[in-house]
Amino acid sequence: MIDLRSLRPNNLTSPQFSHLLWVLYWPAYGLGFGALELLRPAADCFSVHCRLDDFIPFCEYFFIPYLFWFVFLVGMNVYLALWEPKSFRKFMHFVAFTYTLTLLIYVVWPTKQDLRPTEFVRDNFFTRLAQAFYDFDTNTNVCPSLHVIGSMAVVFGAWDSQRFSSGFWKWAFFLTGMLINISVCFVKQHSLIDLVGGLLMSLLGYVLVYKLPKKEKVNG
């Protein structure tokens, strides 16, 4: 673990702590995404939908893995930043590339989804949570899914780390990531198209950030 007790403003750019500067990407991304959410009305967005979406039922219990995404993503950020700086840099390279490119796609091709149920068959804690989440979160800027890209960022970060790259942890992170990914369709936050788009964007980021540098190093 890095020694945060010795962290000072004047040594933030030192080799020991300079990787922490990547944390600044998150508020920058948040401002960009928030601006798109506020400035682009849903009426100006293309509705993303495919026939398979109609066969996927709404299931409020999938809000458990859907919301676990926040713990998943924040937890990996904190762990890698404090314990594995080298992997944290690659993790943030992946995030910065995929998230920035996705925001640019949202600018050029604004999207929304109209899949959310207008009423719930059941009345329980999770359906009330779903309604609260729908009231808070807009249905715009959906393709590709940042939720999917974020979960894959954690999976790839775990695979690259020293602690979580073993067989058990590798599969645990992968299966958790896949559960989070499919949850976006069952809670009707995303179309299956958004899910596939997020996976394709993640694959591109994985190749550019994790695979090509290793290939160049071997060839070099």
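Reading the values: rules and limits
Residues numbered from 1 in each chain as written. Predicted model: local features only at pLDDT ≥ 70, side-chain atom pairs only at ≥ 80, totals over all residues. Heavy atoms only, no water. Helix = DSSP H or I, 4+ residues; strand = E, 2+ residues; numbered from the N terminus. Contact = heavy atoms within 4.5 Å. Polar contact = N/O pair within 3.5 Å; in protein donor to acceptor, adjacent residues only side chain to side chain. Patch = residues over 30% accessible without salt bridge, like charges linked within 9 Å, V, L, I, M, F, W, Y side chains within 5 Å. Areas by Shrake-Rupley, 256 points an atom, 1.4 Å probe, with all protein chains shown as cover. Salt bridge = Lys/Arg side-chain N within 4 Å of Asp/Glu carboxyl O.

Peer 1: Please clarify how the environment of Asp-160 should be interpreted in this entry.
Peer 2: Of note, Asp-160 is situated in helix α5 (residues 146-160). Asp-160 sits 50 residues away from Tyr-210 along the chain, and the two C-alpha atoms are 8.2 Å apart. Apart from residues lying up to four places away in sequence, Asp-160 is in contact with Ser-87, Lys-90 and Tyr-210. Within the structure, the side chain of Asp-160 is placed 2.8 Å from the side chain of Lys-90, a separation counted as a polar contact.

Peer 1: What should I look at first to understand the environment of Leu-175 in this one?
Peer 2: Tracing the backbone through its elements, the reader meets Leu-175 in helix α6 (residues 167-186). Residues Leu-175 and Val-155 lie 20 residues apart in sequence; the distance between their C-alpha atoms is 9.1 Å.

Peer 1: What is the right way to read a nonpolar patch on the surface from this model?
Peer 2: On the surface, Val-196, Leu-200, Leu-203, Leu-204, Val-207, Leu-208 and Leu-212 cluster together into a nonpolar patch covering about 550 Å² of accessible area. Mapped onto the secondary structure, Val-207 falls in helix α7 (residues 192-219).

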